[in-house]
Amino acid sequence: MIVLTNHEGGVGIDTTARDLAAGVGALDAVEAGVRMVEDDPSIRSVGYNSWPNILGQVELDAAVMDGATLRSGAIGGLIGFKNPVSVARAVMERLPHEILVGAGAARFASEIGAETAENLSEASRDTWQRGLKEWLSPRERQAFPDIALTALCQRATDPEYQKDTTVFLAIDGAGDMASAVSTSGWAWKYPGRLGDSPIIGAGSYADGAYGACACTHTGEMTIRAATSRSVVLYLKMGLTLEDALYEAGRDLKRLRGGLLRGVAIHAIDAKGAHRVASFGEAKGVEYWVWEDGMTHPERRVAIHLDV
Ligand code: ASP
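Residues numbered from 1 in each chain as written. Predicted model: local features only at pLDDT ≥ 70, side-chain atom pairs only at ≥ 80, totals over all residues. Heavy atoms only, no water.

Caption draft 1: Structural detail: the site of the ligand. Neighbouring the ligand are 12 residues; Asp-164, Thr-165, Arg-193, Asp-196 and His-217 lie closest to it. Between an oxygen atom of the ligand and a side-chain N or O atom of Arg-193, the distance comes to 2.7 Å. His-217 is positioned such that a nitrogen or oxygen atom in its backbone is 2.6 Å from a nitrogen atom of the ligand. The fraction of the free accessible surface of the ligand (270 Å²) that becomes covered by protein chains is 100%. Residue classes in the shell around the ligand are distributed as no nonpolar, eight polar and four charged. (Near = heavy atom within 4 Å. Polar contact = N/O pair within 3.5 Å; in protein donor to acceptor, adjacent residues only side chain to side chain. Areas by Shrake-Rupley, 256 points an atom, 1.4 Å probe, with all protein chains shown as cover. Nonpolar A, V, L, I, M, F, W, Y, C, P; charged D, E, K, R; others polar.)

Caption draft 2: View of the packing of aromatic side chains. Considering all chains together, one arrives at two aromatic pairs under this definition. Measuring from ring centre to ring centre gives 4.7 Å for Trp-135 and Trp-188, while their planes differ by 90 degrees; the resulting arrangement is edge-to-face. Taken together, the positions of Trp-135 in helix 5 (residues 122-135) and Trp-188 in the loop between strand 6 (177-183) and strand 7 (204-207) put the pair 53 residues apart, joining distant regions of the chain. For the pair formed by Trp-135 and Trp-188, the shared burial category is buried. (Phe/Tyr/Trp six-rings, centres within 6.5 Å; stacked < 30°, edge-to-face > 60°. Helix = DSSP H or I, 4+ residues; strand = E, 2+ residues; numbered from the N terminus. Buried < 20%, exposed > 50% of the residue type's maximum accessible area, 1.4 Å probe, protein only.)

Caption draft 3: A look at the side chain of Asp-172. Looking at the element boundaries, Asp-172 is found in the loop between strand 5 (166-171) and strand 6. Buried charge Asp-172 goes without a salt bridge, the closest partner of opposite sign being Arg-89 at 10 Å. Ignoring anything within four residues of it in the chain, the contact list for Asp-172 reads Met-1, Leu-20, Val-24, Gly-25 and Ala-26. (Lys, Arg positive; Asp, Glu negative; His and termini not counted. Salt bridge = Lys/Arg side-chain N within 4 Å of Asp/Glu carboxyl O. Contact = heavy atoms within 4.5 Å.)

Caption draft 4: Quick peek at the pattern of salt bridges. Under the definition given, this model contains 11 salt bridges. Taking the shortest distance from any N to any O, the salt bridge between Arg-89 and Glu-93 comes out at 2.9 Å. Of the two residues, Arg-89 and Glu-93 are both situated in helix 3 (residues 84-94); the distance of four residues between them amounts to about one turn of the helix. According to the relative accessible area criterion, Arg-89 is buried, its value standing at 12%. Measuring nitrogen to oxygen at the nearest pair gives 3.8 Å for the salt bridge that ties Glu-111 to Arg-107. Taken as a pair, Glu-111 and Arg-107 lie in helix 4 (residues 102-111) at a separation of four residues, close to a single helical turn.

Caption draft 5: Expanded view of the nonpolar core. If you look at the biggest cluster of nonpolar residues, it comprises 64 residues, and the most contacted ones within it are Leu-4, Cys-213, Val-231, Leu-252, Ile-265 and Ile-268. Considering every element that reaches this core, the biggest residue donor is helix 2 (residues 26-39), with six residues. Residues in contact with Val-231, not counting those within four places in the same chain, are Cys-213, Ala-244, Leu-245, Ala-248, Ile-265 and Ala-267. Ranked by size, the runner-up nonpolar core spans 13 residues in total, among them Ala-62, Phe-81, Ala-90 and Phe-108. (Core = buried A, V, L, I, M, F, W, Y, C linked by side-chain atoms within 4.5 Å.)

Caption draft 6: Geometry of the environment of Gly-211. Tracing the chain through its elements places Gly-211 in strand 8 (residues 211-217). For the pair Gly-211 and Lys-236, spaced 25 residues apart in sequence, the C-alpha separation works out to 8.3 Å. Apart from the residues within four sequence positions on either side, Gly-211 is in contact with Met-177, Tyr-205, Ala-206, Val-232, Leu-235, Ile-268, Asp-269 and Ala-270.

Caption draft 7: The arrangement of helix 10 (residues 241-253) in detail. Over its 13 residues, helix 10 runs 18 Å from end to end, which matches the ideal 18 Å to within 8%, given 1.5 Å per residue. Of the positions making up helix 10, those classed as buried are Leu-241, Ala-244, Leu-245, Ala-248, Gly-249, Asp-251 and Leu-252. Each buried residue of helix 10 lies within a common arc of 155 degrees when the element is viewed along its axis, so the set occupies one face. Elements in contact with the buried residues of helix 10: helix 8 (219-225), helix 9 (227-236), strand 9 (263-269) and strand 10 (274-279). (Expected span 1.5 Å × (residues − 1). Arc of directions from axis to C-beta.)

Caption draft 8: Quick look at the state of the cysteines. Evaluation of the coordinates by the stated rule reveals zero disulfides. Cys-215 forms no disulfide, and the closest cysteine sulfur to it belongs to Cys-213, at a distance of 4.4 Å. Using a relative accessible area of 1% as the deciding quantity, one classes Cys-215 as buried. (Disulfide = S-S within 2.5 Å.)

Caption draft 9: Spatial organisation of the sheet that holds strand 9. Within the open sheet, the five strands sit side by side as 7-8-9-10-13. Their pairing is mixed. Edge positions in the sheet fall to strand 7 and strand 13 (303-304), since each has one partner strand and no second. One ladder, built from four bridges, connects strand 7 with strand 8; its direction is antiparallel. By the bridge assignment for strand 8, Tyr-205 is matched with Cys-213. Contacts between helix 10 and the sheet are confined to strand 9 and strand 10, with strand 10 contributing the most and set at about 20 degrees to the helix. (Pairing = 2+ DSSP bridges. Axes fitted to C-alpha atoms, helices over the stretch in contact; angles between N-to-C directions.)

Caption draft 10: Representation of the pairing of strand 8. The buried fraction of strand 8 amounts to seven of the seven residues, a majority that puts the element mostly inside the structure. Taken together, the seven bridges between strand 8 and strand 9 define a ladder with antiparallel strand orientation. Counted as the bridge partner of His-217 is Val-263 from strand 9.

Quick look at the structure:
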């Protein structure tokens with residue numbers, strides 16, 4: 001077995017690893033790990049107490065993928081629920097669809113009895129309001145939210161750019177593989193903005209025959225380069241993990257225009273080897289791994305891709 005997660009996932013890796021050791025399947029185990037992070041208010045980029053969009057609404061993105069069936073489930077822009085990863089899982093298991101967004105996602109979450117929550121904490125509301133005070137003219141403040149958000153959104157992304165989607169990849173004792181990811185996306189995003197996390201092939205992908213991959217940081221880049229699917233496809237084409245990540249880094253390097261910042265790529269192959277690499281502005285990225293033979297999770301630093 002192996003569990004690979006990013007820095008924030010440290011909160012849930014014990015749960016996932018303990019579950020796997022007890023014979024729980026990979027999909028259940030990664031979902032359980034992500035839920036731990038979603039429930040932890042000290043993690044500011046996922047679930048409760050995470051960052052709102054420019055209108056002050058916490059819109060959550062999440063996805064799961066089952067490497068045995070290649071079924072996926074994802075939700076985007078979900079407002080008002082506690083564990084988006086479990087709603088994503090229910091999309092996979094209860095619907096003939098792979099992704100729901102916005103009002104439809106919220107309706108579905110209600111329908112399955114998902115626990116509701118106001119994910120905007122007082123601390124996040126204060127930060128959000130401080131930003132608005134700084135960026136809005138007195139006239140805009142008065143008219144808010146009936147003002148143009150396009151320019152405001154550009155100004156607002158810099159000061160608190162958040163980069164920490166929670167990603168979990170695992171292989172269980174039976175050799176099955178799964179991925180799960182969850183995030184509030186970056187602070188002060190334009191309402192309705194989807195990051196890479198709910199987009200299968202961009203923010204995550206799992207194919208038990210070859211490997212699994214999940215990305216953090218700039219979703220705008222991994223969407224354009226289809227990074228997670230690409231890494232798994234490179235593995236299928238016979239590249240080593242190291243070369244697959246290097247090629248994915250070269251794909252990112254070819255992007256021109258748009259939001260170009262950092263990316264962190266987490267990957268495992270079908271044999272249970274792992275590798276985490278960062279690209280661009282993302283440096284010193286930490287992650288956690290727990291594999292057979294370890295008695296506790298180990299925190300490591302990703303290699304930086306020099307492509
Ligand atoms: N990849 C996420 C997004 O673009 C950001 C993150 O990793 O927090 O929404």
